[in-house]
Amino acid sequence: MHPSIQSNLRSSLLPSRLCACRDLVRVNSAKQGFTLIEIVVVLLIIGIIIGGAIAAMSFNSDERALSNQSAEIELLAKKARTAAILHQTPYALEFHQHSVELIPLAQTKNSERKTALGNPIGGSSSKQTATSNPRATLSIDPDITLTMRRWNTESFIAPTEDEFLVWRFDPDGLCEPITVRLVLDDSYAQDTYHPLTATIAVSELEAN
């Protein structure tokens, strides 16, 4: 090909190549960049995900705290029943604002020998030496409010600084079928105990 013709072809192809390169740069720049709306949408989605995760963690935390506290009270009730049978003397759980204590019924400050209706539960108090009396104390989470409902009553009673509640266990294995309610923020656990076994017969748990 003649040199002049080659030179003309190069000069005619050069502008088109430059245009193609500029178009390619524009496309790549558009692909690599984000608009303000896209960034806002992404941040909004991240915020929703984080908020949902925090809510789920709080829900699980309340449910776990109430379940653990409920299980600990049930275990202490079983110990009280076993102690009453083994030692053939009534035992009791004293419900305070932030604790539950297992002690012989005769050592309670306000020994209750009857149910809420005034009927005798059965058994009689007998004093033993302090060394033979099993005792145990369960701490209640300060954020949890504990109340108790007596058998055949409708209202829940909360212990105070000056007054506490007594749940009696007799040597024949019987106990009053009380209901214990634990409240944590907007969540609660409610357990009704069986009079023959001192175990939870009916349980409700609602975590919000």
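Residue indices begin from 1 for each chain and proceed along its sequence in written order. Only residues with pLDDT of at least 70 are given local features in this predicted model, and only at 80 or more are side-chain atom pairs given and counted; all residues enter the totals for whole chains, interfaces and linings. The basis for the side-chain values is all heavy atoms of the structure; hydrogens and waters are excluded.

S.K.: Lay out the sheet that holds strand 3 (residues 136–139) in plain terms, naming residues and giving numbers.
M.R.: In this description, strands pair whenever DSSP reports at least two bridges between them. To qualify as a helix, a DSSP run of H or I must reach at least 4 residues; to qualify as a strand, a run of E must reach at least 2; elements of each kind are numbered from the N terminus. On the basis of which strands lie adjacent, the open sheet formed by four strands has the order 3-2-1-5 and antiparallel pairing. Strands at the two margins of the open sheet, each flanked by one partner only, are strand 3 and strand 5 (165–169). Across the sheet, the mean angle from the axis of one strand to that of its neighbour is 20°, orientation sign disregarded. Here strand 1 (residues 91–95) runs beside strand 5; their pairing, made up of five bridges, is antiparallel. When the sheet's bridge partners are listed, Leu93 is paired in strand 5 with Trp167. Each axis is a line fitted through C-alpha atoms, and for a helix only the stretch in contact is used; angles between axes span 0 to 180 degrees, taken between their N-to-C directions.

S.K.: Quick rundown of the sheet that holds strand 4 (residues 145–149)? Include the residues and the values.
M.R.: The strand order across the open sheet built from four strands is 4-6-7-8, with neighbouring strands paired in antiparallel fashion. Edge positions in the sheet fall to strand 4 and strand 8 (200–206), since each of these pairs with one other strand and no more. Averaged over all pairs of adjacent strands, the angle between strand axes in this sheet comes to 15°, irrespective of strand direction. Two elements, strand 7 (residues 187–193) and strand 8, share six bridges in a ladder whose sense is antiparallel. Each bridged residue has a counterpart across the sheet, and for Thr192 the counterpart in strand 8 is Val202.

S.K.: Summarise the pattern of salt bridges; cite the residues concerned and give the values.
M.R.: For side chains bearing opposite charge, pairing can occur when the charged atoms are close. For this document, the term salt bridge refers to a Lys or Arg side-chain nitrogen within 4 Å of an Asp or Glu carboxyl oxygen. Summed over all chains, the structure comprises three salt bridges. Glu176 is the salt-bridge partner of Arg150, the closest N and O atoms lying 3.0 Å from each other. Linking Arg150 in the loop between strand 4 and strand 5 with Glu176 in the loop between strand 5 and strand 6 (179–184), this pair joins segments that are 26 residues apart in sequence. Per residue, the accessibility class of Arg150 equals that of Glu176, and both read buried. A salt bridge links Arg168 to Asp170; the shortest N-O distance between them is 2.9 Å. Take Arg168 and Asp170: they sit in the same class, and that class is buried. Each residue's exposure class comes from its accessible area (1.4 Å probe, protein chains only) as a fraction of the maximum for that residue type: buried when under 20%, exposed when over 50%, partly exposed otherwise.

S.K.: Which residues make up unusual backbone geometry, and what are the values?
M.R.: For Gln88, which is not a glycine, the phi torsion comes out positive at approximately 50°. The phi dihedral of Asn152 falls on the positive side, at around 65°, and the residue is not glycine. Summarising the element assignment, Asn152 is placed in the loop between strand 4 and strand 5. Residue classification places Asn152 among the exposed residues on the basis of a relative accessible area of 53%.

S.K.: How would you sum up the pairing of strand 6? Please name residues and give values.
M.R.: The pairing of strand 4 with strand 6 spans five bridges and is antiparallel. Following the sheet pairing, Leu146 is matched in strand 6 by Leu182. Here strand 6 runs beside strand 7; their pairing, made up of six bridges, is antiparallel. Counted as the bridge partner of Val183 is Tyr188 from strand 7. In textbook terms, the turn of a hairpin is the stretch between consecutive antiparallel strands, and for strand 6 and strand 7 this stretch comprises two residues, one of which, Asp185, has a positive phi near 55°.

S.K.: Please provide a residue-by-residue account of the confidence of the model for the chain, values included.
M.R.: Per-residue pLDDT for the chain averages 79, and the proportion of residues at 70 or more is 68%. On a range of 0 to 100, pLDDT expresses the predictor's confidence in each residue. Note on contacts: a residue pair is in contact if any heavy atoms of the two residues lie within 4.5 Å. Low pLDDT, under 50, characterises residues 121–131; the predicted model gives this stretch 25 contacts beyond four residues in sequence or across chains.

S.K.: Please provide a residue-by-residue account of the packing of aromatic side chains, values included.
M.R.: Any pair of Phe, Tyr and Trp rings, taking the six-membered ring for Trp, is counted once the centres come within 6.5 Å. Such a pair is stacked with planes under 30 degrees apart, edge-to-face with planes over 60 apart, and tilted for the rest. With the rule as written, the count across this model stands at three aromatic pairs. Here Phe95 and Trp167 contribute two aromatic rings whose centre-to-centre distance is 6.4 Å and whose plane-to-plane angle is 25°, an arrangement assigned as stacked. Within this pair, whereas Phe95 is found in strand 1, its partner Trp167 is found in strand 5, the two being separated by 72 residues in sequence. Like Phe95, the residue Trp167 is buried in the burial classification. Note on geometry: a ring has a charge over it if NZ (lysine) or CZ (arginine) is within 6 Å of the ring centre and within 35 degrees of the ring normal. It is Arg181 that lies over the ring of Phe156; its NZ or CZ is 5.9 Å from the centre. Just above the ring of Tyr188 sits the side chain of Arg181; from NZ or CZ to the centre is 4.1 Å.

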